[in-house]
Amino acid sequence: MSTTNSNATCSAQYTVKRGDSFYLIAHRLGIQLRDLLEANPDIPPSRLTVGDVLCIPYSNEAQNPGDAGGNQTGNQENTPDNNQGNGNPTICPPCPECPSDETPEQPETPENICPPNRRTVVQNGQTASDLQLRYDLSYYTLQTANADKNLDELKGGDVICVPETNLPCNLPTTYTLRENESLESIAVTYNLPIASLLRVNPCLAPEDFAAGVTIRLPN
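Residues numbered from 1 in each chain as written. Predicted model: local features only at pLDDT ≥ 70, side-chain atom pairs only at ≥ 80, totals over all residues. Heavy atoms only, no water.

**Here we look at the overall build of the protein chain**
Right, on to step 1. If you tally the helices and strands in the protein chain, you get eight helices and six strands.
Right, on to step 2. Starting at the N terminus and ending at the C terminus, the protein chain contains elements arranged as β-α-α-β-α-α-β-α-α-β-β-α-α-β.
Right, on to step 3. Of all 219 residues assigned to the protein chain, the portion counted as buried reaches 37%.
Right, on to step 4. Counted over contacts in the protein chain with a minimum sequence separation of 6, partners at least 24 positions apart contribute 62%.
Right, on to step 5. Of the roughly 13300 Å² of accessible surface on the protein chain, 46% is carried by carbon and sulfur atoms. (Helix = DSSP H or I, 4+ residues; strand = E, 2+ residues; numbered from the N terminus. Buried < 20%, exposed > 50% of the residue type's maximum accessible area, 1.4 Å probe, protein only. Contact = heavy atoms within 4.5 Å. Areas by Shrake-Rupley, 256 points an atom, 1.4 Å probe, with all protein chains shown as cover.)

In structure tokens form, the structure reads like this:
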């Protein structure tokens, strides 16, 4: 489990839940994605896991992380008493006093968090590469916005979130290939020329890029 950067100034903290991604968390809390990434430089977006604790930077428009389902440890409070009289609906916490006929809160997914104008439905035979070309997005950006999807196994009817801009991609120094990864897939994932990957790994032939092999990534 990763923790927040101790040098960051946080207005609150958020504990990552299943299906979360940096893109979805930033949209849900009403903060800039770039600000959220900069506040958590030690947590790679592509390896965000359940239980990671994120630093939530201060924002006048930011929503209380407690409302989004995370654990709040900042100074903000959100109780029914504090909400009364401020024009916002009172939020009833899960308790015996809550009406039993309340409609259960629906789980948050990319389909109901991603803005409607940033969604696209995958067509039969369409691949992640096709979406990258159509929307001019890096694989890293597309995967970060769709953390619950396997972009290598898209099928017709899948709903994909397509961000407006590409995310800055800070490459790690080294990378260990996982199952079914290859020289070509790493080049696509990190938007790198195959020639540059071969150049910085002079002891590896193309077929040596296989699961379990640790490679260098060019700067």
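**Quick notes on helix 1 (residues 22-29)**
Right, on to step 1. For helix 1, the tally of buried residues reaches seven of eight residues, placing the bulk of the element in the interior.
Right, on to step 2. Where helix 1 is concerned, the buried positions are Phe22, Tyr23, Leu24, Ile25, Ala26, Arg28 and Leu29.

**Observations regarding helix 5 (residues 128-135)**
Right, on to step 1. Buried residues of helix 5: Ala128, Leu131 and Gln132, and no others. Axial view of helix 5: buried residues confined to an arc of 105°, hence all on one face. Exposed and facing more than 90 degrees away from the buried side of helix 5 are Leu133 and Arg134.
Right, on to step 2. Buried positions along helix 5 lie against strand 3 (119-121), helix 6 (139-145), strand 4 (159-161) and helix 7 (183-189). (Arc of directions from axis to C-beta.)

**Some points on the confidence of the model for the protein chain**
Right, on to step 1. With 71% of its residues at a pLDDT of 70 or more, the protein chain has an overall mean of 75.
Right, on to step 2. Predicted confidence for residues 72-112 stays below pLDDT 50, and this span has 42 contacts to residues more than four positions away or in other chains. (pLDDT = per-residue confidence, 0-100.)

**As for the nonpolar core**
Proteins that are soluble and globular tend to have nonpolar side chains buried together.
Right, on to step 1. Counting residues in hydrophobic clusters, the biggest one holds 21 residues, and the most contacted among them are Phe22, Ile25 and Leu54.
Right, on to step 2. Going through the elements one at a time, helix 1, helix 2 (33-39), strand 2 (53-56) and helix 6 are the ones with two or more residues in this core.
Right, on to step 3. Among the elements that line this core, the one with the most residues is helix 1, at six residues.
Right, on to step 4. Grouped together as the second largest cluster of nonpolar side chains are eleven residues, Leu177, Leu183, Ala187 and Tyr190 included. (Core = buried A, V, L, I, M, F, W, Y, C linked by side-chain atoms within 4.5 Å.)

**Topic: the side chain of Thr141**
Right, on to step 1. Relative to the helices and strands, Thr141 is located in helix 6.
Right, on to step 2. Here Ser138 takes part through its side chain, which lies 2.8 Å from a polar atom of the side chain of Thr141.
Right, on to step 3. In this structure Thr141 touches Pro163, Thr165, Asn166 and Leu167, once residues within four positions along its chain are discounted. (Polar contact = N/O pair within 3.5 Å; in protein donor to acceptor, adjacent residues only side chain to side chain.)

**Regarding the environment of Pro116**
Right, on to step 1. As for its placement among the helices and strands, Pro116 is situated in the loop between helix 4 (110-113) and strand 3.
Right, on to step 2. Considering only alpha carbons, one finds Pro116 and Cys161, 45 residues apart in sequence, at a separation of 8.9 Å.

**What about unusual backbone geometry?**
Right, on to step 1. Not every positive phi belongs to a glycine, and Asp136 is a case in point at roughly 55°.
Right, on to step 2. When you line up the elements, Asp136 lands in the loop between helix 5 and helix 6.
Right, on to step 3. Non-glycine residue Asn180 carries a positive phi angle of around 70°.
Right, on to step 4. In this fold, Asn180 is placed in the loop between strand 5 (174-176) and helix 7.

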